[in-house]
Amino acid sequence: MPGFVQIIEFRTSRIKEIEELGRPSKTEGSTAPTFRRIVATADRDHPGTYFTIVDFDSFDSAMENSGRPETSEFAAKMAKLCDGPVIFHNLDVMWEDTGDGAGNG
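Reading the values: rules and limits
- Residues numbered from 1 in each chain as written.
- Predicted model: local features only at pLDDT ≥ 70, side-chain atom pairs only at ≥ 80, totals over all residues.
- Heavy atoms only, no water.
- Helix = DSSP H or I, 4+ residues; strand = E, 2+ residues; numbered from the N terminus.
- Buried < 20%, exposed > 50% of the residue type's maximum accessible area, 1.4 Å probe, protein only.
- Contact = heavy atoms within 4.5 Å.
- Pairing = 2+ DSSP bridges.
- Core = buried A, V, L, I, M, F, W, Y, C linked by side-chain atoms within 4.5 Å.
- Phe/Tyr/Trp six-rings, centres within 6.5 Å; stacked < 30°, edge-to-face > 60°.
- Polar contact = N/O pair within 3.5 Å; in protein donor to acceptor, adjacent residues only side chain to side chain.

A. Quick peek at the overall build of the protein chain. When you go through the protein chain residue by residue, the secondary structure sums to three helices and four strands. In the protein chain, the succession of helices and strands from N to C terminus is β-α-β-β-α-α-β. Relative to its 105 residues, the protein chain shows a buried fraction of 26%. Pairs at least 24 residues apart make up 71% of the contacts formed inside the protein chain by residues separated by at least 6 positions.

Next comes the structure, spelled out in structure tokens:
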């Protein structure tokens, strides 16, 4: 069950333009993305601050996804629309609880 989560933190006043870049699973590419799930969030307490949470099977699959030309192109375009540096948090999953009583993790 272990996995890897990457949290991408950024500030922007141009979120609509970032959304118009498209979702990573919808971009043209030669190989399928390796992430399991992406959640895009907006910080209620800090308007203009956003976090993208990306769930991967492993650190290796995250690095494989980061190495895709489409991912690099998307990240470069997104960075130009941000109001400061994009911050990456790379997290190893220690355990997970889905709330279903199955005792995952």
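B. Layout of the pairing of strand β3 (residues 49-56). Note that strand β1 (residues 4-11) and β3 share eight bridges and pair antiparallel. The residue of β3 that forms the bridge with phenylalanine 4 is phenylalanine 56. Count of turn residues in the strand β2 (residues 35-42)/β3 antiparallel hairpin: six residues, of which glycine 48 carries a positive phi of about 90°.

C. Representation of the nonpolar core. Phe10, Ile18, Phe56 and Met78 are the most contacted members of the largest nonpolar core, which totals 14 residues. Of all the elements in the fold, those that place two or more residues in this core are β1, α1 (15-20), β3 and α3 (69-80). Filtering out sequence-adjacent residues up to four positions away, methionine 78 remains in contact with Ile8, Phe10, Ile18, Leu21 and Val86.

D. Fine view of the packing of aromatic side chains. Under the defined criterion, the tally for this structure stands at three aromatic pairs. Measuring from ring centre to ring centre gives 5.3 Å for phenylalanine 4 and phenylalanine 59, while their planes differ by 80°; the resulting arrangement is edge-to-face. You can see phenylalanine 4 sitting in strand β1 and its partner phenylalanine 59 sitting in helix α2 (residues 59-66), a full 55 residues away along the chain. Taking the relative accessible area as the measure of exposure, phenylalanine 59 reaches 41% and is therefore partly exposed. Look at phenylalanine 10 and tyrosine 50: their rings are 5.6 Å apart centre to centre, the planes differ by 25°, and that puts the pair in the stacked class. You can see phenylalanine 10 sitting in strand β1 and its partner tyrosine 50 sitting in strand β3, a full 40 residues away along the chain.

E. Region of the structure containing the side chain of threonine 34. Structurally, threonine 34 can be placed in the loop between α1 and β2. Separated by 2.5 Å, the side chain of threonine 34 and the backbone oxygen of serine 61 make a polar contact. Beyond its immediate sequence surroundings of up to four residues, threonine 34 is in contact with Phe56, Ser61, Ala62, Glu64 and Asn65.

F. Local environment of the pairing of β2. As paired elements, β2 and β3 share seven bridges and run antiparallel to each other. Paired with arginine 37 across the two strands is aspartate 55, which belongs to β3.

On their own, these measurements won't tell you what the molecule is for.
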